[in-house]
There are 4 protein chains.
Amino acid sequence: MGIEKIKAGVLGCTGAVGQKLIALLDKHPLFEVTEIAASERSAGSIYENTVNWLEPNDIPGNIAGMKIKNCSPDLDCKVLFSGLDSKVAGEIESTMAENGYVVVSNSRNHRMFDDVPLIIPEINAEHYKLIDAQKQNNRKGFIVTNPNCSTIVLCLSLYPVYKSFGLKKVMVTTMQAISGAGYPGVPSLDILGNVVPHIPDEEAKMETETLKIFGKYENGKINFADFKISAMCNRVPVRDGHTISVSFETEKKATADQILNSFDEYNTEFLKDTGIDVIRYFENPFRPQPILDAGKGNGMTVSVGNLRECRVLDWKYTALGHNTIRGAAGAAIINAEYLVKEGLL
Amino acid sequence: MGIEKIKAGVLGCTGAVGQKLIALLDKHPLFEVTEIAASERSAGSIYENTVNWLEPNDIPGNIAGMKIKNCSPDLDCKVLFSGLDSKVAGEIESTMAENGYVVVSNSRNHRMFDDVPLIIPEINAEHYKLIDAQKQNNRKGFIVTNPNCSTIVLCLSLYPVYKSFGLKKVMVTTMQAISGAGYPGVPSLDILGNVVPHIPDEEAKMETETLKIFGKYENGKINFADFKISAMCNRVPVRDGHTISVSFETEKKATADQILNSFDEYNTEFLKDTGIDVIRYFENPFRPQPILDAGKGNGMTVSVGNLRECRVLDWKYTALGHNTIRGAAGAAIINAEYLVKEGLL
Amino acid sequence: MGIEKIKAGVLGCTGAVGQKLIALLDKHPLFEVTEIAASERSAGSIYENTVNWLEPNDIPGNIAGMKIKNCSPDLDCKVLFSGLDSKVAGEIESTMAENGYVVVSNSRNHRMFDDVPLIIPEINAEHYKLIDAQKQNNRKGFIVTNPNCSTIVLCLSLYPVYKSFGLKKVMVTTMQAISGAGYPGVPSLDILGNVVPHIPDEEAKMETETLKIFGKYENGKINFADFKISAMCNRVPVRDGHTISVSFETEKKATADQILNSFDEYNTEFLKDTGIDVIRYFENPFRPQPILDAGKGNGMTVSVGNLRECRVLDWKYTALGHNTIRGAAGAAIINAEYLVKEGLL
Amino acid sequence: MGIEKIKAGVLGCTGAVGQKLIALLDKHPLFEVTEIAASERSAGSIYENTVNWLEPNDIPGNIAGMKIKNCSPDLDCKVLFSGLDSKVAGEIESTMAENGYVVVSNSRNHRMFDDVPLIIPEINAEHYKLIDAQKQNNRKGFIVTNPNCSTIVLCLSLYPVYKSFGLKKVMVTTMQAISGAGYPGVPSLDILGNVVPHIPDEEAKMETETLKIFGKYENGKINFADFKISAMCNRVPVRDGHTISVSFETEKKATADQILNSFDEYNTEFLKDTGIDVIRYFENPFRPQPILDAGKGNGMTVSVGNLRECRVLDWKYTALGHNTIRGAAGAAIINAEYLVKEGLL
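All figures in this text were calculated on a predicted structure; none of them were measured in a lab.

A.B. asks: Break down the sheet that holds strand β1 (residues 6–11) of chain C for me, citing the residues and quoting the values.
C.D. replies: Residues and elements named next belong to chain C. Sheet architecture is open: 6 strands sit in the order β3-β2-β1-β4-β5-β6, paired in parallel fashion. Since the sheet does not close on itself, it has two edges, and those belong to β3 (68–70) and β6 (142–145), each with one partner. Going across the sheet, the axis of each strand differs from the next one's by a mean of 30°, ignoring polarity. Where β1 and strand β4 (residues 79–82) come together, 4 bridges link them in parallel fashion. When the sheet's bridge partners are listed, Ala-8 is paired in β4 with Val-79. This element, helix α1 (residues 16–25), spans β1, β2 (31–38) and β4 of the sheet and lies at about 155° to β1.

Here's what the structure looks like:
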C-alpha cells in the first residue's frame, strides 16, 4: 500500500538458483523484481521463451514476458540477487557493486574475501559491519554473500551448540541432493540408484566457510573460529534436501538435555519474529528425511534428529535442510531482508 | 570328478540371504545343496512354488523342485548355511550345532558370543580356534559367523591400515543399500528419492563387531581391539552396495603412499590364491560407486577411493562393498571354504 | 462465523488415504473432523501415537491428540469419509449407511453397485439421483463413491471429448505412482529403478468404472456408455502422480483444434466457480510430468499434453493427475462438497 | 587356434554404445578390435585417458592403452561397428562403405534408405540381399543397420504372431530406460522419480522401422508390411531395459494357446543354435521387469509376459528387452555374426 517495494534484479535468472529466486520473490512484501539478467547467450530474449522452468509453480505473471538483460550497470534496481555461475560471478558482481548496486550473492566467488560478509543472519549478522570496509575500497555499492548449501545446514544446526558450549572438533558427512548441482547438472546415469562419493571443492568450502561464519568481527575484520572441522561429501539420488551426519566435541562438556535446550532456546529467539522454526528437533530417530522434512517452514527450517553419544567425539546427530531454499535462494533473500531491517538497504 | 562335494543345507532358504546363498552355491566346487529349510510357514512346499525369487538368474534347476524342510536336526547334510531371521536364528542354530552340524551363519544372534568365531577369513582366520571352546560346551558340531554387512566393508578396507600402523580412532558414516533389509524390507514410500538416517542396532553392531574381528585370540578367548570407533548409519535409495565414508587416526603416523602400499600388499597376498581382489583402490575420486563397483570381483571385492587428509583425524577415504555378497551370503561361503581348507569341515 | 461446519468422521484414519483426508480436511470451510476411526487394532489409541504419518505437513493440531474409535454407528458426525481397506470397507460402509450416515467412500467395494453413484462431480453429478434408490433399500443414510485413481485421470481428460464428439474406442496405458498402493505398499526392492507391469484388478476397474461414469441416469438406474475400452497398467518409481498414455477414436471426427477447444470450454465452465483448472493443456510435448505437474491446482488439476494423431485410432495424448489427491482423498472431498451444494448433505 | 579373427573397428568408441560394443566384443570368437575411432575432439588421445567408462567391467586390457583414431578410411580392419552420433554418422558411414569397409551400424541415419538392410537376423536375414543393390551404387563395401532399441523389443516379441497369424493393428506404449539416451543424456533432475512422456522422433521410428523389418524382399527392394501401428513413448527412471505394453489385432484369429505356441516354436528354432532364448515367456503376470529380466540371455533375450485379451484389439502383453545390448550394441554384433555365417563378411 503506502510502502513502496525495493526494486530488485535477478542475475543468472535462467539458472536453477535464479529460477528459485524468482519463485520466492513473487509477491514478496519488501522486494519487487524489476529486472532479470543473464549471460550474453540469453540476453535479449523473453524469459518464458528461454528458460527451462523447473519450478512446480508457474513463472510469475509479471516475469514471464519480461526481457532478459545483460548483467551490466544499467539495470533499473537497487538490489541484485545473484545466482550467477561461479565462472562469471566474480567479475560481474564486482562491477555491479562498484557501480552502486547492493549485490546479495549466492555464488562462491566472493565468500572468502576479507571485506565481504559471509552471512547466515541468525548467526552472524554482526559481520555486516564488513560492508564499511568495502565502501572504503572504492565501491559505491557492496557485496554480501551467503554460504554454500551444505555449510548452511551444518552451521544452523551447530551454532546453538557452539554458542553455548564451544567446539573443539566437528566431523560431518553429507548426502547431498541433485538439485544442488543445478541444471542439467548431474547426469541421470551417474546418480539413479547410485551414490557419487565426491563433489569437487565441496569439502573445502564446508571446512573454511564454517570457520568464517562462526568467527568474530573485530576492528574491520573477521577472526575465524578455531576448532577442527572435517567434511566428507557425497551425492545421493534425492531431489531436494541435503542430509548430514554430524559428530562433534564441545569445549565445555554438555548433556543431551543441555544440547537439546540450546536448540530450543535458539529456535525460540527467532520463532517469535517470523513464525518459522530455524531449527526443529525430532524425537523420532528415523527423522529428519528429505522427502518429509525438506519443506518444513517453507523450506527455511533446518531439521535435526537422533542426538546420541559418539564414541570418538562427544555427540552425533542428523541434520537436514532444503538446499535450494534455505541453502541458496532463500538464504540470499533472508540476507536482503536483514539488510533492510538494519537500514543497510 | 573324483572329489565328492560336501552336502550343504540352506536355512532360511526363502529369504533374501537364503536366495543369494542358493544362487552363489550353484555349481560350487566344494559344496552341493542337498537340503533347503525354512520356517514352519513354508516347510512342506516346493521351493519354486513358494519363494518370491529376486535373483536375476533363474532358480538353479536342482533346487527349483526341491521340498522345503523344517529347520530340524534330520537334514541330510554336513554344513548348514544360515540366512535365518534373527527372531528365530538363535535357538535353531544352537540346536543344529548341538546335533553335530557345522553352522555357518550370517545371522546376528551368535556373533558376539564368547566362544563363537566372528570371521572375515582374510583378517582373523586364527579366531577359528574358538571352535574348540564350543566343542567343550556340549556341542557335537559348532557355529561360525560372519559380521554384519557394513562391518565387513569397513573392516576389509581398514585392516591393512590397522595391521601396518595401528588405529586410535575411527569414524564411519554409512550409506546402505535397500537389499540389506531383506524382502519386503524397506517400503518404497520410505526410500524412493529419500534418505532414512537410522537403521536400528546397526551402529552398535559396527562398533562392537569391528573390535572383536580385529581382536587377538589368546588362551581360548578373543581380546578385543581397543581403539575408539563411532558409526552413523543411513539408508539410501541404492539396490546393492553399501558405501561408507571413513576417517581414521593411526597409532603410528603414515603417509598417503604408505597407506596405499598397505592396501596393495594386503591385496596381493590374497590375489594370487583366488584371482580376485580383496581390496581395489581407485585413483579417480568419484569412485567407488555402487552401480559401477559393487559387482567387482563377482561382488567379493571391497573398493576404496579418494584417500585424503582429514583435518580432525588423520586420513579419510570412501569404501564400498556388495552387501548381500561380500557382506552376507558370499561372506558365509568364504567362511565355509576356509573351514574346508583348514580341515575343520 | 455464523455458519456451522458439518461434523465429519474419517474411517481408516491411519492409512495413506485416511491421512490425506485428514490433511486436506484441515481448516476446510464446510467440514470439521470430529471423529477418527479405524480397525480394531488401532481403536482406542491416540492418533499421533499410532499413525505412521507420511504427510509433509504436521498432523493437524486438533487431530493429533484425538482418540481413534471403532468404525461403529456411535460416531458423532453426519458424514463419513472412508479410506478403509477393501477387505473391510464393504460391510462397515453398508452398516454405517443403514444407520443414517452419509458415507463418502474412496474404497472400491460399492462402486459398481446398481444403486450406488460412482461420481466425478464435474462429469456425472446427475448420478446422485441414485441416492433415492438407496433410501428405498432400507438405508437411513447412503453411500456415494469416487472412482479408482487411474480411472479419474482418464475420465477427466477424456470427458470433454466424449461429450463433444462421442467415443468408439479407447486404449490407455498407465504408469502409476507408488503412493497408489498405500503404506507399506510396494517393497522398494520391487520398484526402485524398475517397472512392475501388473497391478491386480486395476485394468478391469478402469475399463468398467469408466463406462459407468460416462453412463446416463434414466429411471433409477445408470445406462452404461457403450464404447470399447482397454487398459494396460504399470507401476513406476514415481512417488505421486499417475501418468497415462491415451489413444482414442471418436464417433464424430474432430480436428486437433476442436479437441483442444473441448478441453478449454470444459475447463472454463468450472474454473470460474473454483479458481482451479479441472484440465490444463500443455503445448510442450515433454509435459505433463509427475514431478512438475502432479501438484497443479493443489493436486486437483488433471494435466494433458502432446495431442497428436494416432495411426490406429484417431488421436493420442498424455494425461497426469495426482493419485492420492485428485484420484482419492480430494475426489471424496469434492464429492461431499457437491452433496452439500446440492442440498443432499 | 587355427582360425584367424576378423579385424574390427569401433566408430564412436567413447560414447555409450561404443563402450558397450567394446565390452561385448572383448574375447569375441569371431572379431578382434584392432581400431577404435571417434570424433576429432577425442582422436589422438589414449582410450583410458579419454573415455568416461560406464561399464561395470573394466576396459578390456588390449583396448585401454589404444590410441583413438579419426573416422577416416585408413583404419586397419575389415568391419566397422558404428555407434556414432546421428549428427555425424550419415556422412562418415557412407564414406567408409564407399572405401570398402563393411559398416554395421546402430545409428539411425541409413536405416530407412531403400538399399540399406535394416536387420534383426532372427526375423529378416533375407533383407541382406539389399547389399547387392548397394554394391551397384559405387560402394566397394556396404552398410547394414539394426533398428532402434524400442523397435527391436517390439519386433522380436511380435514377429511370431505376425508370421503365424498376420497383423492388422498394433498399439504400443513404451517405458524406456535412461541408458537409451546415452551419456550425459537425461539430466537427473528431469527423470529421478519422474516420467518424461516424450522422446523426440522415437514414435515415428518405431512405426516406420517395424513395417520395413516385417517387409518382404522382392526384386531388389523391400515391400513394407502394411498393418497399422501406433507408438506412444515415455522415459522412466530405469537404468537398463525398455518395457513395452503392446496390444494387437491379428488377421487370422488366434487363441491364447496358439499365440504362446508361436512364441515357443519361434524360440525353439534359435535356441538350439545359440543356447540363448530369443523370446522367453513368463506365466507370472508381474514379469518381465527391467531389474530382474533385462539381463536374461546375457541381455539378448526379449522377455514377454501377461498375455491377456484386449477389449479394443485382440490381445495384449508386456515385453522387455535390454536396450543397449539386444537393442543396440548386441544387435549390431549379432548382425555381423550373421554376415560372417552367410559368407558376406
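On we go from here.
A.B. asks: Before we move on, could you go through the packing of helix α7 (residues 149–165) of chain D against helix α9 (residues 202–213) of chain D and cite the residues and values that matter?
C.D. replies: All names here are of chain D. Between α7 and α9, whose axes approach to 9 Å, the crossing angle comes to 45°. Of the possible angle classes, the one that applies to α7 and α9 is oblique. Taken as a pair, α7 and α9 cross one another with a handedness that is right-handed. On the side of α7, the interface is formed by Cys-149, Ser-150, Thr-151, Leu-154 and Cys-155, while α9 contributes Glu-202, Lys-205, Met-206, Glu-209, Thr-210 and Ile-213. For the contact of α7 with α9, a count of residues per class yields 5 nonpolar, 3 polar and 3 charged.

A.B. asks: Break down the pairing of strand β14 (residues 315–321) of chain B for me, citing the residues and quoting the values.
C.D. replies: All names here are of chain B. Across the 7 residues of β14, 7 count as buried, placing the element largely inside the fold. Neither face of β14 is exposed, since Trp-315, Tyr-317, Ala-319 and Gly-321 on one face and Lys-316, Thr-318 and Leu-320 on the opposite face are all buried. For strand β11 (residues 242–250) and β14, the ladder comprises 7 bridges, and the chain directions are antiparallel. Bridge pairing in β14 links Thr-243 to Leu-320. Looking at chain direction, strand β13 (residues 302–309) and β14 are connected through 5 bridges and run antiparallel. In the strand pairing of β14, Gly-305 is matched with Thr-318. Hairpin connection of β13 to β14: 5 residues between the antiparallel strands.

A.B. asks: Tell me about helix α10 (residues 256–274) of chain C, and name the residues and values.
C.D. replies: Residue and element names in this part refer to chain C. Its 19 residues give α10 an end-to-end C-alpha distance of 27 Å, which sits within 8% of 27 Å, the value for a rise of 1.5 Å per residue. Along its length, α10 reaches its greatest deviation from straightness, about 30°, at Thr-268. Gly-275 sits one or two residues past α10 and shows a positive phi near 75°.

A.B. asks: Residue-level account of the relation of the copies chain A and chain B, with values.
C.D. replies: Screw-axis analysis of chain A against chain B gives a translation of 0.0 Å along the axis, an RMSD of 0.0 Å, and a rotation angle of 180°. The symmetry that links the two subunits is that of a two-fold axis. The residues that chain A uses at the interface reappear at the interface of chain B in 100% of cases, marking a shared surface.

A.B. asks: Before we move on, can you summarise the sheet that holds strand β4 (residues 79–82) of chain B with the specific residues and values?
C.D. replies: Residues and elements named next belong to chain B. Judged by pairing direction, the sheet is parallel, and its 6 strands sit side by side in the order β3-β2-β1-β4-β5-β6 without closing on themselves. At either margin of the open sheet sits one strand with a lone partner, and together these are β3 (68–70) and β6 (142–145). For this sheet, the mean inter-axis angle between neighbouring strands, taken without regard to orientation, is 30°. Set on the sheet, helix α1 (residues 16–25) makes contact with β1 (6–11), β2 (31–38) and β4; between it and β1 the angle comes to about 155°. Where helix α12 (residues 325–341) meets the sheet, its contacts fall on β1, β2, β4, β5 (102–105) and β6, and the angle it forms with β5 comes to roughly 145°.

A.B. asks: Account for the interface of chain A and chain D, naming residues and giving values.
C.D. replies: Chain A puts 16 residues into the contact, and the matching count from chain D is 16 residues. For the pair chain A and chain D, the two sides together bury roughly 1500 Å², of which 67% comes from carbon and sulfur. Contact with chain D buries surface across chain A, with Ser-188, Leu-189 and Leu-192 of chain A losing the most and accounting together for 46% of the total. For the interface between chain A and chain D, the tally reads 6 residue pairs in polar contact (both at pLDDT 80 or more). When its residues are assigned to classes, the side of chain A that touches chain D shows 11 nonpolar, 3 polar and 2 charged.

A.B. asks: Quick one: what's the story with the packing of aromatic side chains, residue by residue and with numbers?
C.D. replies: Residue and element names in this part refer to chain A. Summed over the entire model, instances satisfying the criterion amount to 48 aromatic pairs over all chains. Here Phe-214 and Phe-227 contribute two aromatic rings whose centre-to-centre distance is 6.0 Å and whose plane-to-plane angle is 55°, an arrangement assigned as tilted. Taken together, the positions of Phe-214 in the loop between α9 (202–213) and β8 (216–218) and Phe-227 in the loop between β9 (221–223) and β10 (228–235) put the pair 13 residues apart, joining distant regions of the chain. For the pair Phe-214 and Phe-227, one class covers both residues: buried.

About the cut-offs
One numbering rule holds for all chains: residues counted from 1, following each sequence as written. Each chain gets a letter, beginning with A, and each ligand a number, beginning with 1, in the order they are written. Per-residue local features of the predicted model are confined to residues with pLDDT of at least 70, and side-chain atom pairs are confined, for both listing and counting, to 80 or more; whole-chain, interface and lining totals are unaffected and use all residues. The side-chain values count all of the structure's non-hydrogen atoms but skip hydrogen atoms and water molecules. When DSSP locates at least two bridges between a pair of strands, those strands are taken to pair. A helix here means a DSSP run of H or I that spans at least four residues, while a strand means a run of E at least two residues long, and both kinds are numbered starting from the N terminus. Axis lines are fitted to C-alpha atoms, over the contacting stretch for helices. Their N-to-C directions set the angle, which ranges from 0 to 180 degrees. Residues are treated as being in contact if the distance between any of their heavy atoms lies within 4.5 Å. Working rule for angles: under 35 degrees goes down as roughly parallel, over 145 as roughly antiparallel, 65 to 115 as roughly perpendicular, anything else as oblique. The hand of a helix crossing depends on one turn: near helix anticlockwise from the far one by less than a right angle means left-handed, and clockwise means right-handed. Side-chain classes are defined by residue name, with Ala, Val, Leu, Ile, Met, Phe, Trp, Tyr, Cys and Pro counting as nonpolar, Asp, Glu, Lys and Arg as charged, and the others, Gly among them, as polar. Exposure classes here rest on a 1.4 Å probe applied to the protein chains alone. A residue is buried below 20% of its type maximum, exposed above 50%, and partly exposed in between. Multiplying 1.5 Å by the helix residue count minus one yields the expected span of that helix. Across the chain, bend at a residue is computed as the angle between axes fitted to the seven residues ending at that point and the seven starting from it. Least-squares fitting of one copy onto the other uses the C-alpha atoms of those residues that reach a pLDDT of at least 70 in both copies. Buried area is calculated as the accessible area (1.4 Å probe) missing from two parts once they are joined, with the contributions of both summed. As used in this structure description, the phrase polar contact means that two N or O atoms lie within 3.5 Å; if the pair is within protein, one of them must be able to donate a hydrogen and the other to accept it, and residues adjacent in sequence are counted only when both atoms belong to side chains. Only Phe, Tyr and Trp rings take part, Trp by its six-membered ring, and two of them pair if their centres are within 6.5 Å. Stacked means planes under 30 degrees apart, edge-to-face means over 60, and tilted covers everything else.

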